[in-house]
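Secondary and tertiary structure notes
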Amino acid sequence: MAFQGKKLINDPNDVVTEFIEGLVESYPGLTYLDGFPEVKVVLCTGVSSATYDKVAIISGGGSGHEPAHAGFVGEGMLTAAICGDVFASPPVDSILAGIRAVTGPKGCLLIVKNYTGDRLNFGLAAEQAKSEGYKIEVVVVGDDCALPPPRGIAGRRGLAGTVLVHKIAGAAAAAGLSLADVTAEAQCASELVGTMGVALSVCTLPGQVTSDRLGPGKMELGLGIHGEPGASVADMQPVDVVVSHILKQILSPESNYVPIRRGNRVVLLINGLGATPVMELMIASGKAVPRLQLEHGLAVERVYTGSFMTSLDMAGFSISIMKADPVILQRLDAPTKAPYWPIGATGNHAHAKIPIPMPPSRSTDHDESLSQPQQLNQQGHVLEVAIEAAANAVINLRDSLNDWDSKVGDGDCGSTMYRGAKAILEDMQKYYPLNDAAETVNEVGSSIRRVMGGTSGIMYDILCKAAYAQLKSNTQSVVTAKHWAAALEASIVAVSKYGGASAGYRTLLDALIPASEVLIERLEAGDDPCSAFVLSSDAALAGAERTKHMKAQAGRSTYVSEEILASVPDPGAMALATWYRAAALAVNSKYQAS
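Description of the structure in this document. (Residues numbered from 1 in each chain as written. Predicted model: local features only at pLDDT ≥ 70, side-chain atom pairs only at ≥ 80, totals over all residues. Heavy atoms only, no water.)

Further remarks concern the environment of Asp333. In this structure, Asp333 sits in helix α8 (residues 326–333). For Asp333, a relative accessible area of 42% puts it in the partly exposed group. Measuring from C-alpha to C-alpha, the distance between Asp333 and Gly409 comes to 37 Å, with 76 residues separating the pair along the chain. Residue contacts for Asp333: discarding those within four places in its chain leaves Arg302 and Tyr304. (Helix = DSSP H or I, 4+ residues; strand = E, 2+ residues; numbered from the N terminus. Buried < 20%, exposed > 50% of the residue type's maximum accessible area, 1.4 Å probe, protein only. Contact = heavy atoms within 4.5 Å.)

In C-alpha cells:
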C-alpha cells in the first residue's frame, strides 16, 4: 500500500535551505556562507581561514539525518558541516567552499561516512584543495555491524558511530594537536566503534509517496540511514530481545567488527532514528547497560541517549558501542559549544546573522561559461537534438526510476536525474556553445554538478570531464563518430577509476560498457555512424536489463537481498541506457529526415 506522507513543510525542494535558516537563527554559534542557498555550508561563527589557528574538522553528507551534521558544528566539535540535498551527498563545490572558509595553516580533516557518493565528492574536493595548497587529510568511517564482509567495493556503511568520531576529532583539534595527530586519533576512534539499528517503519521523503514495505507486526534489523532495506525482516519482539540481538551482533567475536573483549571499557550511544519517543530510547538504554555489564563483561563508562543521526521520520533506534581508553574519554568529556551534543551549548542568543563572505578559489585559471552561438552549424544542430531528446527521456522516466530505486536504494534516483535533465534543458538555451562539442560536454557536466547531488551527480560530472578532456585533445575541427567513441572509452575509465566499479557490479557501467564495445565494433566494421550509435544503444538497454541478474557490488544496493534485486534493474543503468538510446534515435531520425 502506498500513501502520501504528511510533512509540515513548504516546497519539498526547499527543506534543506529552510532548515539551515532556522538552525542559525536558533543558535548564536552558527552561521553560513553567503553562497547560501546554493552552497549549503554551516560553520562556526567567527571562524575564518585567515585567522583560524587550529585544525579544522569538516564533515557532512545528505540531509535528512538531523541533527547530524550541522547540529554538531561548534567549538570543540565540527568547524563546518556541508549539507547535501535529502539523502544526497553534497556537491564538490560546496565541500570546497567549506574547506576554503575555515582551513588555516594547520590544515583540515574531512570525516566522511562510508557511502560511495560521500567518498567520491569529499575525495575529489580534497584533491582539488590539496592542489590549491591546503593541507588535507580524510578519515572514512564505516561502523555498520549488520552485514557480514565482504560487501563488494562498498564496505561497511557509516552510521551513528560517526558522531562519536566527530566529537573525539573536534576535541583533539581544540586541544591544539597537529593535523597528523588529530587524524590519527580520529582514525583510531573509527576503528573502535560498531553500530547496528532496528526500524519499525520506513522513512518518508519530503514530497514523495512512501510504501510501507514492512507491514503490520514486522520490524527490520540491520538497516541503513537512507530508508534502504535492512539485513532481515522479523516479527516484532520485546525491546529486551531486540537489544540483546543487536549487542551480540556488534560484539560477535566471529565477525570481529570491533576489537572489544571481556573486561574492556566501552561507551554506549543509543540513537533515535527520527520518530522514536524518548521513553522508548531510555528503555533501550536501561536494558543495554546491564546486558553489557553482566552478559558481555564490559565496563560501561559513558551513556549517550537521544537523536544524533536520524533517518527523517523513521521509527526505531540504533546502538553504537565504542571501545574506550583514557584519551577517548577525555575527548568525549571535553567542552563543546555544538548545540546538539548532549552536554549542551552556551552563549546568548544573537541577532539575525549576517553571513560571512565565501572565500574564492585559489585557482587562477577559471574560465567564464561560454555562451551559445546564434547560428548553429551541422554539428551544433546534432548536439542540440541529441541533448534535448536525452534530457526529455530522463524527465519522462522519473517515476519509474524512483520506484525501482525505492526497492534497491533510497528512492530518489528519478528525482535526482530529473533535476539534472531540467537544468541541462534550461542551461542549453543560455550557455552551451553547441558548435564546440568538447565545451558543450564540459558545460553539461557543470549543469549536472550544480543541481545533482549524491553518487549519480558526481559520476556524471566525472563522465563529462573525462569525455571533455578526450574531445579537447582532438586537433581536427570536426568531431567524428570515432572521436565520440574514444570519449566514451575515456569516460568509462574515469568512472571506474574513481568509483571503483567495473562490469558486472550492477552500476551504470553495465549499460555504458556494452554501448562502448558495440559502437567501436560497428565503426571498425564500417557501419554508418548513425546506425552504429543505434545498435550501441540497443546494447546499452540490454546491458541495463541484465543488471536484474547481477549481484550488487557497489553502492547502497549491496545491502539489499538478491531476491529483491532480481525484481528490478539497476536504476542508474536504466537511466543511462534510456537517455543514450533517446539521443541515438533522435540523431538517426534527424539524418534520415534530411
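What follows picks up the thread again.
Applying the stated criterion across every chain, the model contains six aromatic pairs. Ring plane angle 10° and centroid distance 6.5 Å describe the contact between Phe72 and Phe308, whose orientation is recorded as stacked. Of this pair, Phe72 sits in the loop between β4 (56–63) and β5 (80–86) while Phe308 is found in the loop between β13 (299–306) and β14 (316–324), placing the two residues 236 residues apart along the sequence. Taken as a pair, Phe72 and Phe308 share a single burial class, namely buried. In textbook terms, an aromatic cluster arises when at least three aromatic residues are bridged by ring pairs, as seen for Phe72, Tyr304, Phe308 and Trp341. Lying across the ring of Tyr418, Arg398 places its NZ or CZ 4.1 Å from the centre. (Phe/Tyr/Trp six-rings, centres within 6.5 Å; stacked < 30°, edge-to-face > 60°. Lys NZ or Arg CZ within 6 Å of the ring centre and 35° of its normal.)

So, on to helix α15 (residues 509–524). Each full turn of the α-helix corresponds to 3.6 residues, which orients residues three or four apart in the same direction. With 16 residues, α15 extends 22 Å from end C-alpha to end C-alpha; this agrees with the ideal 22 Å at 1.5 Å per step. Among all positions in α15, only Leu509, Asp510, Ala511, Leu512, Ile513, Pro514, Ala515, Ser516, Leu519 and Leu523 are buried. Among the residues trailing α15, Gly526 stands out with phi positive, at a value near 90°. (Expected span 1.5 Å × (residues − 1).)

Counting buried residues along β14, eight of its nine residues qualify, which places the element largely inside the surrounding structure. Pairing of strand β8 (residues 193–199) with β14 involves seven bridges; the strand directions are antiparallel. Note that in β14 the partner of Ala199 across the bridge is Gly316. Bridging between strand β12 (residues 265–272) and β14 involves eight bridges; their strand directions are antiparallel. Note on β14: the bridge partner recorded for Asn271 is Ser318. (Pairing = 2+ DSSP bridges.)

Turning to its location among the elements, Asp412 is positioned in the loop between α10 (398–408) and α11 (413–428). With a relative accessible area of 9%, Asp412 lands in the buried category. Non-local contacts of Asp412, meaning those with residues more than four positions away in its chain, are made with Val86, Phe87, Leu205, Gln208, Asn402 and Asp405.

Everything listed here is a matter of coordinates, which is why it stays silent on function.
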